[in-house]
Structure formats: structure tokens, C-alpha cells
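For reference, the chains in residue letters:
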Amino acid sequence: MWCRRLACLFKVPCQLSGSIQHRLPWLPRDRRTVLTAAARWHHTAPESLKCAWQLHGDHLELRYANTLMRFDFVWLRDHCRSASCYNAKTNQRSLDTASVDLGIKPKAVRVDETTLFLTWPDGHVTRYGLEWLVKNSYEGQKQQVMHPRILWNAEIYRQAQVPSVDCRSFLETDEGLKEFLQNFLLYGIAFVENVTPTKEDTEILAERISLIRETIYGRMWYFTSDFSRGDTAYTKLALDRHTDTTYFQEPCGIQVFHCLKHEGTGGRTLLVDGFYAAEQVLRQAPDQFELLSKVPLKHEYVENVGDCHNHMIGVGPVLNVYPWNNELYLIRYNNYDRAVINTVPYDVVHRWYAAHRTLTAELRRPENELWVKLKPGKALFIDNWRVLHGREAFTGYRQLCGCYLTRDDVLNTARLLGLQA
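This one's a predicted model, so the numbers in the text were calculated from it and none came from an experiment.

(A) Geometry of the overall build of the chain. When you go through the chain residue by residue, the secondary structure sums to 13 helices and 24 strands. When each of the 421 residues of the chain is scored for burial, the buried share is 51%. Of the contacts made within the chain by residues no fewer than 6 positions apart, 71% connect residues no fewer than 24 positions apart. As presented, the chain carries roughly 20,600 Å² of accessible surface, and 52% of it is formed by carbon and sulfur atoms.

Right, dumping it as C-alpha cells:
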């Protein structure tokens, strides 16, 4: 769901009810004003219900553009955008949050056509645009999606006919880069064509959108089936669908693959939209989706090959969601690297296995499998937080290079080009 543009018209500020003020003579007049407002809803115009507000003991309730919002008084003081509280040049808060009285309440409240005005006990005035409040309220965020996506199976992706981007356009123009990133954000995969098949040119390609994340595999990895590392990827065996680096505390965000040479048969790459599969689980068995999003598991990588000695452990649920809108943002799925399940009590673990089986069945449906033959000159970028990858077994000599990218930098590049990311 894309962010909505919201608007409504207001005419005159409401008046407080004097009939209730006289019942509170023991309070100072300014406090009587605040509590009086809590007695009923106040509207900007008597004939309109598009905007109304009401004060309660610890929060302001505001109904605007079909959204009912509740704002804690401390929150309203803390987010003040006045020059003394917020540096508009650096977009950073100047107000010391810890200095705000936790029992603070506004002395007066006023609403005009577009703005909420709050006067605090020390005389400071805070102004909020009503549309800004809708966009930034908890209730408003629940209706928004952080990352708009198109979920897909193999047929949906083929029907979309998502174009690859030419390497020169990708490297030299903002238009080409933006087209690539839009495809990547929506589908979780994107291709660049006509890349010179060398590790050095692949590195230049990757650096166009992000810093390269150096890991235990190095900066740019370059491998064949020589079993030089303690990982099944360094063999000719088939690999089932999985996400990488589940054994990192923060799995790598983006993975780049470029096949430089293959003299043999097989070796097609398998791609599966994990979010599409998870969406099917949510529809068919929401209780199992919830279990997969809450039960923490350990993933582990133990390596003692040559000079490589590593023992990595990452902890997290299979499905990771934003708690305010239940939006899925990361899937951590790798049956090869899942460690001993010792973080789940016995009365939960069997239900977890059943939920895992349901998700696995969705991930393994043939209609969800997109098979791609990677060839020299065609680089593939994968959202490792969303799209699972695998490969079929192969024969002959097969040489790949690639790297991991820092997710924050890819999203930063997209935002700078005007994309929602």
C-alpha cells in the first residue's frame, strides 16, 4: 500500500464548554481549560465531522481524514519541530528528551484548517501539520507499507516480463540505475546484461549501488567446485533453496552472482520468492505464520578447512515482521545451517515443526520455482532477506564470482533516486 495523500478542510476553532468549567473551581483556570476539553469532542466546524479532537488525562485524541489517532503528551512535546527543538538543516532533534516532564500536559489546544497548536505550561508553542500527524502516528503507520513489493511465483514473474538493464546504462545513467533498483525493490531480484565477465568488472558493477560487505568469505568471492571452503556451495552438488548467512546476527542483505565460465551441463540457478510463500502460509494458517515469526532459532556455521577457522552463530525467527503492521521484512531459512533447536520448549517445538513443514511445502511447490541459467555477462542481484536461491547439480568446470552488499547503502541509493525503500 503506497502512502496516501490526505486532506480535509477546517473553518473555526472550537470553544470550550463553560458549563463544566464552573464545576472545577478548585483547579487553576488553565488546568480547568485542559480538563474541560476532555468532556466532549471538539470540531473545527460545527457542521463537519472531518476533524475532531478530545483531551484525556495523558493523551490527545484526534480524528482526521478517517483516522482516529492517539498521541501521548510526552510524544507531542518530544517531536516538536520548532527551531529550538529541532534542527531543520541536519534533520536532527535538538530537544533533550530526558528533560521533558513525564507528567507534562498542554496548557491550551487549538486546531485550524491545517495545523494543530499546543501551548505548554512554560509558554512554548508546538505546531503540527495535520497531514504530518496522520503520516507519523502509530495508527497511520499501521495502514502503511514500509517496502512496497510485488509477490511472485514463476508464472507471475514471467508474465511481468521484467526487463534486464544494460550494463552501460546501469553504470552511466541515473535512469538505468533507477530502473534496475525499481525492479529489485519490487521483485527482490534484478539482472544486468552485457557485463564483462571478470571479477574486477563485477566489483565495479556492485559498487555502483552499495559498499561491498566484507565477510569471512572475503570481499569479492571467487569460487569453483574445488571444496576449498567448508561449504556445500564449493561442490558440484545440487543446493536446495535457502537464504545465505543465516548464521550472521544480521544476514547479508544483497547477494551478487556472476557466472564467468561454465564448460559442462546443469548448474541452473533456482529462485523462489520467500515472501510469496509466507503470504500463502499467512492466508491458510495464520497461527503457524505467527509461530514462525516468534520462535527464535540458532543457525550455525562451523568451518575448519585449511587456514579457515570459523564458528558463527546467528539467532532469530524464520519470519521477521514489523510489529506495528505485521509486514514481513526478512526470512531466515536455511536447513543446512540450522543449529540444534534448544531455544524452544517441548510443548512448542512440535507445533513449530508443523509450521516449518507448511512453509517448506509452499517453498517447494514447482509453480513457485523460477529457474535461470546464468551465463557470462549476465549478473544477478538477489535480495537475500526475501528471495531464496539454490542450484541444480552440474558437470564440468564452473566458475562464479560475487559478493555481498550492505543493505542500508542499496536502500539509500534508491531513496536518493526518489524511490520508496
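(B) Expanded view of the environment of L319. For L319, the location among the structural elements is in strand β19 (residues 319-321). Through-space distance from the C-alpha of L319 to that of A278 is 8.1 Å; in sequence the pair is 41 residues apart. In contact with L319, not counting residues within four places along its chain, are A278, F289, L292, S293, L328, L330, I331 and L359.

(C) Seen up close, unusual backbone geometry. A positive phi angle, near 50 degrees, is found at A65, a position not held by glycine. Classification of A65 by relative accessible area gives buried; the value is 14%. For Q161, which is not a glycine, the phi torsion comes out positive at approximately 50 degrees. Following the sequence through the fold, Q161 ends up in the loop between α6 (154-160) and β10 (165-166).

(D) Geometry of the packing of helix α10 (residues 274-284) against helix α12 (residues 346-363). α12 packs onto α10 with a crossing angle of 130 degrees between their chain directions and a minimal axis gap of 9 Å. Looking at the two axes, α10 sits oblique to α12. The crossing of α10 and α12 is right-handed. Packed against α10, whose contacting residues are G274, A277, A278, Q280, V281 and Q284, the element α12 presents T358, L359, E362 and L363 at the interface. Classifying every residue of the contact of α10 with α12 gives 5 nonpolar, 4 polar and 1 charged.

(E) Spatial organisation of the pairing of strand β18 (residues 308-316). Relative to β18, strand β17 (residues 297-305) runs antiparallel, the two sharing 9 bridges. Bridge pairing links V302 to H311 in β18.

(F) Fine view of the sheet that holds strand β16 (residues 269-273). With respect to topology, 4 strands assemble into an open sheet ordered β14-β23-β16-β21, the strand pairing being antiparallel. Strands with a single pairing partner mark the edges of an open sheet, and in this sheet they are β14 (239-242) and β21 (370-372). Strand after strand, the sheet turns through a mean of 20 degrees between neighbouring axes, direction not considered. Sheet analysis places β16 next to β21, joined by 3 bridges and oriented antiparallel. Bridge pairing links T269 to V372 in β21. Across the sheet, α10 is in contact with β16 and β23 (387-391); its angle to β16 comes to roughly 40 degrees.

(G) Representation of α10. Residues of α10 that are buried: G274, F275, Y276, A277, A278, Q280 and V281. N-cap assignment for α10: the residue whose side-chain oxygen lies 3.1 Å from the backbone N of F275 is D273.

(H) Broad picture of the sheet that holds strand β8 (residues 115-119). Ordered in space as β7-β8-β9, the 3 strands form an open sheet in which the pairing is antiparallel. If you trace the sheet from one side to the other, it starts and ends with β7 (108-111) and β9 (125-129), each paired once. Recorded for the sheet is a direction-independent mean angle of 15 degrees between the axes of neighbouring strands. Where β8 lies against β9, 5 bridges are found, and the strand directions are antiparallel. Directly across from F117, in β9, lies its bridge partner R127.

(I) Quick peek at the packing of helix α11 (residues 286-294) against α12. The geometry of α11 relative to α12 is characterised by a closest axis approach of 9 Å and an angle of 110 degrees between their N-to-C directions. Classed by the angle they form, the pair α11 and α12 counts as roughly perpendicular. Of the residues in α12, those touching α11 at Q288, L291 and L292 are V348, R351, W352, A354, A355, H356, T358 and L359. Of the residues that constitute the contact of α11 with α12, the class distribution is 7 nonpolar, 3 polar and 1 charged.

(J) Looking closely at the nonpolar core. With 28 residues, the main nonpolar core has F170, F180, L181, I209, F381 and L405 as its most contacted residues. When contributions to this core are tallied by element, the ones reaching two or more residues are α7 (167-172), α8 (174-187), β11 (189-193), α9 (199-207), β15 (254-263), β22 (379-383), β24 (397-405) and α13 (407-416). The element best represented in this core is α8, accounting for 5 residues. Ignoring sequence-local partners within four residues, the contact set of F170 consists of V165, G176, L177, F180, V192, L205, R208, I209 and F381.

(K) Expanded view of the pattern of salt bridges. According to the stated counting rule, one finds 17 salt bridges in the structure shown. One salt-bridge network, in which partners are shared between bridges, spans D240, R241, R364 and E369.

What counts and what doesn't
- Residues numbered from 1 in each chain as written.
- Predicted model: local features only at pLDDT ≥ 70, side-chain atom pairs only at ≥ 80, totals over all residues.
- Heavy atoms only, no water.
- Helix = DSSP H or I, 4+ residues; strand = E, 2+ residues; numbered from the N terminus.
- Buried < 20%, exposed > 50% of the residue type's maximum accessible area, 1.4 Å probe, protein only.
- Contact = heavy atoms within 4.5 Å.
- Areas by Shrake-Rupley, 256 points an atom, 1.4 Å probe, with all protein chains shown as cover.
- Axes fitted to C-alpha atoms, helices over the stretch in contact; angles between N-to-C directions.
- Parallel < 35°, antiparallel > 145°, perpendicular 65-115°, else oblique.
- Left-handed = near helix turned anticlockwise from the far one by under 90°.
- Nonpolar A, V, L, I, M, F, W, Y, C, P; charged D, E, K, R; others polar.
- Pairing = 2+ DSSP bridges.
- Polar contact = N/O pair within 3.5 Å; in protein donor to acceptor, adjacent residues only side chain to side chain.
- Core = buried A, V, L, I, M, F, W, Y, C linked by side-chain atoms within 4.5 Å.
- Salt bridge = Lys/Arg side-chain N within 4 Å of Asp/Glu carboxyl O.

Interpretation in functional terms is not warranted from these geometric data alone.
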